[in-house]
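# A structural walkthrough
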Amino acid sequence: KHDCGLVEESCKLGCGAKITRNELKIHVTETCEQRLIQCEHCEESVKFCDMTNHLDKCPKMEISCELKCGKIMCRENMTQHLEQECGLVEESCKLGCGAKITRNELKIHVTETCEKRLLQCEHCEKDFQFCDMTNHLDVCPKMEVTCELNCGVIKRRENIAQHLEQECGL
């Protein structure tokens, strides 16, 4: 057996390199592509040559929200963030209008702009969808209307027929 430090040996990690005994320790611990290094995020031991691929999947690596909401989290928490928290996820309107709106805008849509939102008629106090309110007001029995014969009387629509038959002098 030779103790000479200039004798070449194959790398014990299997990279195929032939290194002198004097340089073998440095090669195995510092320069070999097959050496194990620890991931700074999850502390898993990974071959140096595989670290880039590992970082692309490392569950503990911090990444920005894929929808660019600005939140930074561990990769393993992205699914939960998108399912429960991220305001930039699009959801279908819960009122059934067919619109897709981000979570951040959904509350305003449902309460202020959706055609299917409910409004209370100020005359009969029944609820109608916004898109149906105009048609309702055309027939609402509690809405006040002017006598169609132009006598100047204003009565609830439900009482106009009686007014025309019994009271209107025109």
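Please refer to the structure higher up on the page.
This section reports on the structure supplied with the text. (Residues numbered from 1 in each chain as written. Predicted model: local features only at pLDDT ≥ 70, side-chain atom pairs only at ≥ 80, totals over all residues. Heavy atoms only, no water.)

### Concerning the overall build of the protein
Scanning the protein from N- to C-terminus turns up 6 helices and 12 strands. For 170 residues, the compact-globule formula gives about 15 Å, and the C-alpha radius of gyration of the protein, at 38 Å, lies well above that figure. Dimensions of the protein, computed from the C-alpha atoms along their principal axes, are close to 130 × 20 × 15 Å. Among the 170 residues that make up the protein, the fraction classed as buried is 23%. (Helix = DSSP H or I, 4+ residues; strand = E, 2+ residues; numbered from the N terminus. Rg over C-alpha atoms; globule rule 2.2 N^0.38 Å. Buried < 20%, exposed > 50% of the residue type's maximum accessible area, 1.4 Å probe, protein only.)

### Quick notes on the state of the cysteines
Applying the stated criterion across every chain yields a total of 0 disulfides. Here Cys124 is not disulfide-linked; the sulfur of Cys121 is the nearest cysteine sulfur, at 3.7 Å. Note on Cys124: relative accessible area 18%, which makes it buried. As a non-bridged cysteine, Cys140 has Cys121 as the owner of its nearest cysteine sulfur, 3.8 Å distant. The class for Cys140 is buried, based on a relative accessible area of 0%. (Disulfide = S-S within 2.5 Å.)

### Quick notes on the environment of Phe130
With respect to the helices, strands and loops of the structure, Phe130 is situated in helix H5 (residues 130-137). Separated by 15 residues in the primary sequence, Phe130 and Glu115 have C-alpha atoms spaced 5.2 Å apart. Those residues in contact with Phe130 that sit more than four places away from it in its chain are Cys114, Glu115, Arg117 and Leu119. (Contact = heavy atoms within 4.5 Å.)

### Some points on unusual backbone geometry
Non-glycine residue Lys68 carries a positive phi angle of around 65°. With respect to the helices and strands, the residue Lys68 is situated in the loop between strand E5 (62-64) and strand E6 (72-74). Judged by relative accessible area, Lys68 falls into the exposed class, the value being 71%.

### A short note on the nonpolar core
Within the largest apolar cluster, 7 residues are counted, these being Ile63, Cys65, Met73, Met78, Leu82, Cys86 and Val89. The contacts of Met78, once residues within four sequence positions are left out, are Ile63, Ser64, Cys65, Glu66 and Met73. (Core = buried A, V, L, I, M, F, W, Y, C linked by side-chain atoms within 4.5 Å.)

### Some points on the pattern of salt bridges
Any two side chains of opposite charge can pair, on the condition that their charged atoms come close. One pass over the full model with this rule turns up 9 salt bridges. Glu167 is the salt-bridge partner of Lys155, the closest N and O atoms lying 3.4 Å from each other. With a gap of 12 residues between them, Lys155 in strand E12 (residues 154-156) and Glu167 in helix H6 (residues 157-167) connect regions that are remote in the sequence. Note on Glu167: relative accessible area 44%, which makes it partly exposed. (Salt bridge = Lys/Arg side-chain N within 4 Å of Asp/Glu carboxyl O.)

### What to know about the packing of aromatic side chains
One pass over the full model with this rule turns up 0 aromatic pairs. Looking at Arg35, its charged tip hangs above the ring of Phe48, at a distance of 4.0 Å from the centre. The positively charged end of Arg117 is found above the aromatic ring belonging to Phe130, 4.0 Å away from the centroid. (Phe/Tyr/Trp six-rings, centres within 6.5 Å; stacked < 30°, edge-to-face > 60°. Lys NZ or Arg CZ within 6 Å of the ring centre and 35° of its normal.)

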